[in-house]
Structure formats: C-alpha cells, structure tokens
Amino acid sequence: MTNNLNLIEDKLIGRNNFAFVIVGPTASGKGTMMKMLQDEFKDKVTFSISATTREPRPNEVNGVNYYFITKEEFETKIKNEEFLEWEPVHTSYYGTLLSEYDRANNGNLDLLLDIDIKGAINVKKKLKERATLIFLVPPSFEVMKERIMNRPGFKEEDFKHRLESAKREYDTFLSLQNEGGIIDYLVVNDKLEETYEKIRSIYLAESLKLQRLNNKELEKLCTLEIL
Ligand code: 5GP
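Rules of the game
- Residues numbered from 1 in each chain as written.
- Predicted model: local features only at pLDDT ≥ 70, side-chain atom pairs only at ≥ 80, totals over all residues.
- Heavy atoms only, no water.
- Pairing = 2+ DSSP bridges.
- Helix = DSSP H or I, 4+ residues; strand = E, 2+ residues; numbered from the N terminus.
- Axes fitted to C-alpha atoms, helices over the stretch in contact; angles between N-to-C directions.
- Contact = heavy atoms within 4.5 Å.
- Phe/Tyr/Trp six-rings, centres within 6.5 Å; stacked < 30°, edge-to-face > 60°.
- Buried < 20%, exposed > 50% of the residue type's maximum accessible area, 1.4 Å probe, protein only.
- Parallel < 35°, antiparallel > 145°, perpendicular 65-115°, else oblique.
- Left-handed = near helix turned anticlockwise from the far one by under 90°.
- Nonpolar A, V, L, I, M, F, W, Y, C, P; charged D, E, K, R; others polar.
- Near = heavy atom within 4 Å.
- Polar contact = N/O pair within 3.5 Å; in protein donor to acceptor, adjacent residues only side chain to side chain.
- Salt bridge = Lys/Arg side-chain N within 4 Å of Asp/Glu carboxyl O.

Let's talk about the sheet that holds strand S4 (residues 66-68)
Taken in spatial order, the 4 strands make up an open sheet running S4-S3-S6-S5, and their pairing is mixed. Two strands lie at the open edges of the sheet, namely S4 and strand S5 (83-89), each paired on one side alone. Geometrically, the sheet is characterised by an average inter-axis angle of 25° between neighbouring strands, direction not taken into account. Sheet analysis places strand S3 (residues 50-52) next to S4, joined by 3 bridges and oriented parallel. Note on S4: the bridge partner recorded for serine 50 is tyrosine 66. Its contacts with the sheet place helix H4 (residues 98-106) against S4, S5 and strand S6 (92-97), and it is angled at close to 30° to S6.

What about the packing of aromatic side chains?
For the structure shown, the criterion picks out 13 aromatic pairs. Centroid distance phenylalanine 18 to tyrosine 203: 5.9 Å. Interplanar angle 20°. Geometry classified as stacked. Pair noted here: phenylalanine 18 is in the loop between helix H1 (2-13) and strand S1 (19-23) and tyrosine 203 is in helix H8 (residues 192-207), with a separation of 185 residues, a long-range link. What makes phenylalanine 18 buried here is its relative accessible area of 2%. For tyrosine 203, a relative accessible area of 0% puts it in the buried group. Ring plane angle 80° and centroid distance 5.4 Å describe the contact between phenylalanine 20 and tyrosine 203, whose orientation is recorded as edge-to-face.

Things to note about the packing of helix H2 (residues 30-40) against H8
It is the contact of H2 with H8, at a shortest axis distance of 10 Å, that shows an interaxial angle of 60°. Comparing the axis directions of H2 and H8 gives the class oblique. As H2 packs across H8, the resulting crossing turns out to be right-handed. Residues Thr32, Met33, Met36, Leu37 and Glu40 of H2 form the contact with H8, whose participating residues are Leu192, Glu193, Thr195, Tyr196, Ile199, Arg200 and Tyr203. Its residues placed into classes, the contact of H2 with H8 shows 7 nonpolar, 2 polar and 3 charged.

Details of the site of the ligand
In the vicinity of the ligand, 17 residues are found, and the nearest of them are Ser50, Arg54, Tyr66, Tyr94 and Asp116. For the ligand, an oxygen atom lies 3.0 Å from a polar atom in the side chain of arginine 57. A distance of 2.5 Å separates an oxygen atom of the ligand from a polar atom in the side chain of tyrosine 66. If you list the elements that add at least two residues to the shell around the ligand, you get S5 and S6.

Describing the pattern of salt bridges
By the definition in use, this model includes 15 salt bridges. Note that arginine 103 is salt-bridged to glutamate 100, the shortest N-O span being 2.6 Å. Of this pair, arginine 103 and glutamate 100 both sit in helix H4, 3 residues apart, which is roughly one turn of the helix. Given the relative accessible area of 3%, glutamate 100 is considered buried. In this structure, arginine 200 engages glutamate 197 in a salt bridge whose closest nitrogen and oxygen atoms are separated by 3.7 Å. Linking arginine 200 with glutamate 197, this pair stays in helix H8, spanning 3 residues, or about one helical turn. For arginine 200, a relative accessible area of 12% gives the class buried.

Structural data, given as structure tokens:
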C-alpha cells in the first residue's frame with residue numbers, strides 16, 4: 001500500500017535524488033538500518049560502496065561491502081580527486097567515491113551512506129540540501145558497551161579503540177550543535193522495529209520535500225487551464 005502510493009507520487013511529480021546519510025557511534029545500528037531500507041526500497045535506493053585501505057573481515061566481499069584497495073591506490077585517488085569525501089577512520093583510510101554518487105544519479109536512485117561524522121559533514125557541505133543527515137545513537141553508554149561485546153568476532157583489544165572513536169563522534173556532534181547544527185535528525189535506537197519506523201518515516205518525508213521535486217514536472221502538475 002505505502003509503496004504503491006509512493007510510485008504514484010513519483011510518477012506525478014518527478015523527484016531529484018538525494019544522499020541519505022546515517023552516522024553514529026559504533027554499535028548504534030547504522031548497518032542494520034541501511035539493510036532494512038535497502039530491502040524495503042529496492043527500486044529507490046542504492047548503497048554507496050566506500051573505498052578503504054583496511055583488511056577485509058572474513059565475511060566481507062570486495063565490491064560488495066567495500067572496495068578494498070592499497071594505501072598507494074587510495075592516495076592516487078585522492079590526488080586524482082576521485083572522492084566526494086574521505087577520512088582517516090580508526091587506523092585506515094575510508095572514502096566515498098564520486099563514481100558511486102554518479103551511479104546513483106544515473107539510475108535516479110537515492111544514495112545511502114554509512115560513513116563517519118566528519119565525512120558526513122563534508123558530504124553535507126558539498127551536497128547541501130541534496131543530503132539528509134541522521135545521527136543514530138544507542139540509548140545509553142551501558143547498552144553501547146553490551147552491544148560491542150556481543151558482536152560476533154568481538155576482540156578485547158578493539159574495545160577501547162571503539163569507545164574512543166564513539167567519544168569522538170559524540171564530541172563532534174555536540175560541537176556541531178553548538179555551532180548551529182548541520183545534522184538534520186537525532187534518532188535513539190532502543191527497539192529495532194520502532195527505530196526503523198522512525199528512519200523510514202524520515203526517508204519518506206525527505207523524499208517528498210519540495211526542494212527534491214522536479215520543477216518542470218511540478219509546473220505541469222500545478223498549471224490549470226481553465227477554459
Ligand atoms: P568499519 O571498518 O567498521 O566497516 O567502519 C569503520 C567506520 O568507518 C564506520 O564508522 C563507518 O561508518 C566509517 N566509514 C565507512 N565508509 C566510510 C567512508 O566512505 N567515508 C568515511 N568518512 N567514513 C566511512
């Protein structure tokens with residue numbers, strides 16, 4: 001029902017695609033939310049596959065989860081201005097390729113981005129109203145620690161590192177708020193289904209913002225010829 005309605009609205013109005021960015025500390029549930037959006041809105045969204053210099057994890061596939069490249073290859077891409085944004089995260093480089101943004105534009109799809117907060121700020125600065133930023137957080141520090149420890153493949157030595165990264169994300173978020181804010185929404189991920197309900201509502205509302213609508217199509221829809 002909801003999807004049929006969307007299709008009708010899309011056909012009537014025409015829509016300019018946008019970047020939908022979910023940022024948040026480790027174990028906030030960004031990946032799960034991205035997966036749920038991809039499953040529900042298959043014909044409307046595509047996930048941005050980042051380039052990274054970190055080693056693939058056992059279940060990760062090159063070109064699916066990330067483009068795994070060497071530090072030299074990454075630096076060449078920086079030099080050739082192939083990134084929409086890039087950042088050193090943890091101990092590796094991560095970056096959003098302009099080719100991913102083009103792929104979304106060419107298919108008239110919205111681009112889902114799971115990137116760190118500094119990268120997200122750069123995306124917003126470049127794309128402006130064509131980017132929506134959500135800050136997703138676990139309900140408490142205790143829950144965050146629990147979720148990190150319960151993750152498959154949990155390594156004690158990563159624990160402190162992940163908490164420090166989370167602290168940096170929160171600090172950046174708070175200082176952004178003090179400067180007037182660049183993040184559009186804050187969502188607390190307590191219960192998975194309720195959180196997804198909020199995220200999908202934001203996505204749907206954002207996709208209907210007037211600035212996302214195609215002016216020519218709007219004119220057609222709103223021009224009345226009274227005989
Ligand atoms: P992981 O190594 O666990 O897959 O990701 C580590 C962190 O890097 C996560 O916070 C993730 O959101 C971030 N990240 C992944 N891809 C990108 C990217 O293209 N750009 C930036 N700035 N951060 C990224």
